[in-house]
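One letter stands for each residue in the lines below.
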Amino acid sequence: MTIHKEASLRAYNTFGIDATASLLAEFASVEELRELLQNTEVQALPKLILGGGSNVLFTQDVEAAVLLNRIKGVIQTEEPDGKHVLVTSGSGETWHDLVLYTLEHDLGGIENLSLIPGTVGAAPLQNIGAYGVELKDTFVSLEALEIATGEVVSFNKEQCGFGYRESVFKKEAKGKYIVTSVTLRLTKEHTFNTSYGAIQDTLNQQEVKELSLKAISEAVCHIRRSKLPDPAKIGNAGSFFKNPEIPLALFEILKSQYPGIPGYPVTPESVKVPAGWLIEQCGWKGKVLGQHGVHKDQALVLVNYGGAAGNDVKTLAYEIIKSVDEKFGIALTPEVNII
Ligand code: EPU
């Protein structure tokens, strides 16, 4: 196990920001993780766990021991009902590789979450979601190592406190645990979720006659590739902001001023509004400011064209928040972890 000092994090974050970590090391098992945590140099520093680095923006050098999660392996256990299978994945597996595994084994439940960047271990932290499905819909439990004690503990769905892009690991349990495995309950007999309009449109365009897990996954990949920049080519961390939930009364006022405003009811009193629409209305979509900017096809995504400093992206994010607040009276919050 090698511990690197003053190491560049450029290759370890999808924004492609060149920050330096005090220490950098990888772990491929719970034992290796425990060993790292017992190292005196690691102990002296705060810890930052990175999986795919697809949801962080580094704005300064990282005075921490950055630990790269490489715990691999996937196992299946058949459920007694004969209709479901529990799939347990090492937290360092790439999320999309797990999706491909489930397609190969004809197990349903996460096909709509195809091509989401990042690792399996990061998925529960923000309850990843796309195209009408969230991780919590198939989630059963996870195991995590408690940093203070070195013990591996289990969290069931309720204990994870999932919400929209939220979990207990972003709140009271923040920084206290390192997820080591995740268990999902997947179907052998499938119910396909094509409720998200764009999926149905794509399936029609592709003239798909018979629905299958693979057909849905391919439709989702097609939509994502057409709208979202590939982090391997243009640095980004997906949606930079959450879609805000606003009171129905405010939505109705805005609707009278801006009849085109989209909104999806969340409760009888609140509506979720696409942040991408709000940002586009403020004139930011496709804006290029030197090495960084707002993506041309999806205003919710901030991009690094190469060589941008994390602080430039952060400044842009706060200018966007200010202009959306001034125009609509809505406070956007970042979804990406700004470090
Ligand atoms: N829109 C615009 N302009 C834009 C972008 C969006 O007007 O530049 C409006 C359109 O009205 C569009 C609506 O926003 O119909 C919704 O757009 P889209 O389907 O692209 O979804 P989103 O709300 O922008 C969310 C997630 C994505 C997820 C998609 C699909 C959040 C913060 N983002 O985006 O997740 O892939 O739905 O389910 O909830 C991510 O979290 O990184 C991510 C990419």
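Model, not experiment: these values are computed from the prediction. (Residues numbered from 1 in each chain as written. Predicted model: local features only at pLDDT ≥ 70, side-chain atom pairs only at ≥ 80, totals over all residues. Heavy atoms only, no water.)

Below, the discussion takes up the sheet that holds strand E3 (residues 47–50). Read from one edge to the other, the open sheet built from 4 strands follows the order E1-E2-E5-E3, with strand pairing classed as mixed. Either end of the sheet is taken by a strand with one partner, and the two such strands are strand E1 (4–8) and E3. Between one strand and the next, the sheet's axes are offset by a mean angle of 45 degrees, whatever the strand orientation. Across 6 bridges, the pairing between strand E2 (residues 20–27) and strand E5 (residues 62–69) is parallel. Its bridge partner being in E5, Ala25 is matched across the sheet by Leu67. On the sheet, helix H1 (residues 30–38) packs against E2, E3 and E5 and is oriented at approximately 145 degrees with respect to E2. (Pairing = 2+ DSSP bridges. Helix = DSSP H or I, 4+ residues; strand = E, 2+ residues; numbered from the N terminus. Axes fitted to C-alpha atoms, helices over the stretch in contact; angles between N-to-C directions. Contact = heavy atoms within 4.5 Å.)

Before going further, it helps to spend a moment on the site of the ligand. As a matter of local geometry, the ligand sits amid 23 residues, with Tyr131, Tyr164, Tyr196, Glu280 and Ala299 nearest to it. One of the side-chain nitrogen or oxygen atoms of Lys227 is found 3.0 Å away from an oxygen atom of the ligand. Gly276 is positioned such that a nitrogen or oxygen atom in its backbone is 3.5 Å from a nitrogen atom of the ligand. Against a free-state accessible area of 820 Å², the protein chains account for coverage of 82% of the ligand. Elements represented by at least two residues in the shell around the ligand include exactly helix H6 (213–227) and helix H8 (275–281). Looking at side-chain class alone, the shell around the ligand contains 11 nonpolar, 5 polar and 7 charged residues. (Near = heavy atom within 4 Å. Polar contact = N/O pair within 3.5 Å; in protein donor to acceptor, adjacent residues only side chain to side chain. Areas by Shrake-Rupley, 256 points an atom, 1.4 Å probe, with all protein chains shown as cover. Nonpolar A, V, L, I, M, F, W, Y, C, P; charged D, E, K, R; others polar.)

What follows is about the sheet that holds strand E15 (residues 264–267). Ordered by their spatial adjacency, 3 strands build an open sheet running E14-E16-E15, and the pairing between neighbours is antiparallel. Each edge of the open sheet is held by one strand with a lone partner, namely strand E14 (245–247) and E15. Sheet twist, expressed as the average angle between the axes of neighbouring strands with direction ignored, equals 40 degrees. When E15 meets strand E16 (residues 270–272), the two strands line up antiparallel, connected through 3 bridges.

Quantified by volume, the second largest pocket comes out at close to 580 Å³. For the second largest pocket, the lining is made up of 28 residues, of which Leu115, Ile116, Pro117, Asp230 and Pro231 are closest to its centre. The class makeup of the residues in the lining of the second largest pocket is 9 nonpolar, 13 polar and 6 charged. (1 Å grid on protein atoms, 1.4 Å probe; cavity = no way out; pocket = protein on both sides within 12 Å on 5 of 7 lines; lining within 4 Å. Points joined across faces, edges and corners; volume = space filled by probe spheres on them.)

As enumerated under the stated definition, the model contains 9 aromatic pairs in all. Judged by centre distance (5.0 Å) and plane angle (80 degrees), the ring pair of Tyr131 and Tyr196 falls under edge-to-face. With Tyr131 in the loop between strand E8 (129–130) and strand E9 (133–134) and Tyr196 in the loop between strand E12 (177–187) and helix H5 (197–205), the pair connects residues that are 65 residues apart, well separated along the chain. Overall, Tyr131 belongs to the buried group, its relative accessible area being 11%. Centroid distance Tyr258 to Phe328: 5.0 Å. Interplanar angle 55 degrees. Geometry classified as tilted. Placement of the pair is Tyr258 in the loop between helix H7 (248–257) and E15 and Phe328 in helix H9 (residues 310–328), with a sequence separation of 70 residues. Here the guanidinium or amino end of Lys272 rests over the ring plane of Tyr164, the centre of that ring lying 3.2 Å away. When the ring centre of Trp284 is taken as reference, the NZ or CZ atom of Lys287 above it lies at 5.8 Å. (Phe/Tyr/Trp six-rings, centres within 6.5 Å; stacked < 30°, edge-to-face > 60°. Buried < 20%, exposed > 50% of the residue type's maximum accessible area, 1.4 Å probe, protein only. Lys NZ or Arg CZ within 6 Å of the ring centre and 35° of its normal.)

Across the 8 residues of E5, 7 count as buried, placing the element largely inside the fold. Taken together, the 4 bridges between E3 and E5 define a ladder with parallel strand orientation. Note on E5: the bridge partner recorded for Ile49 is Leu67.

As a further point, take the UniProt feature "domain: FAD-binding PCMH-type" (unreviewed entry) in the protein chain. In this numbering, the UniProt entry assigns the feature "domain: FAD-binding PCMH-type" (unreviewed entry) to residues 17–189. The span residues 17–189 carries 16% helix and 36% strand; its end-to-end C-alpha distance comes to 43 Å. (UniProt positions renumbered as here; feature names shortened; annotations may be inferred.)

A word on the nonpolar core. The biggest cluster of nonpolar side chains holds 44 residues, and the ones touching the most others in it are Phe241, Ile279 and Ile320. Elements with a contribution of two residues or more to this core: E2, E3, strand E4 (56–57), E5, H7, H8 and H9. Here this core gets 7 residues from one element, more than from any other, and that element is H9. Both of domain 1 (4–69) and domain 3 (235–338) provide at least three residues apiece to this core. Sequence-distant contacts of Phe241, defined by excluding residues within four places in its chain, comprise Ala275, Ile279, Leu300, Ala317, Ile320, Ile321, Leu332, Thr333, Pro334 and Glu335. Counting residues in hydrophobic clusters, the runner-up holds 39 residues, among them Trp95, Leu98, Leu135 and Ile216. (Core = buried A, V, L, I, M, F, W, Y, C linked by side-chain atoms within 4.5 Å. Domains from an automatic or database assignment.)

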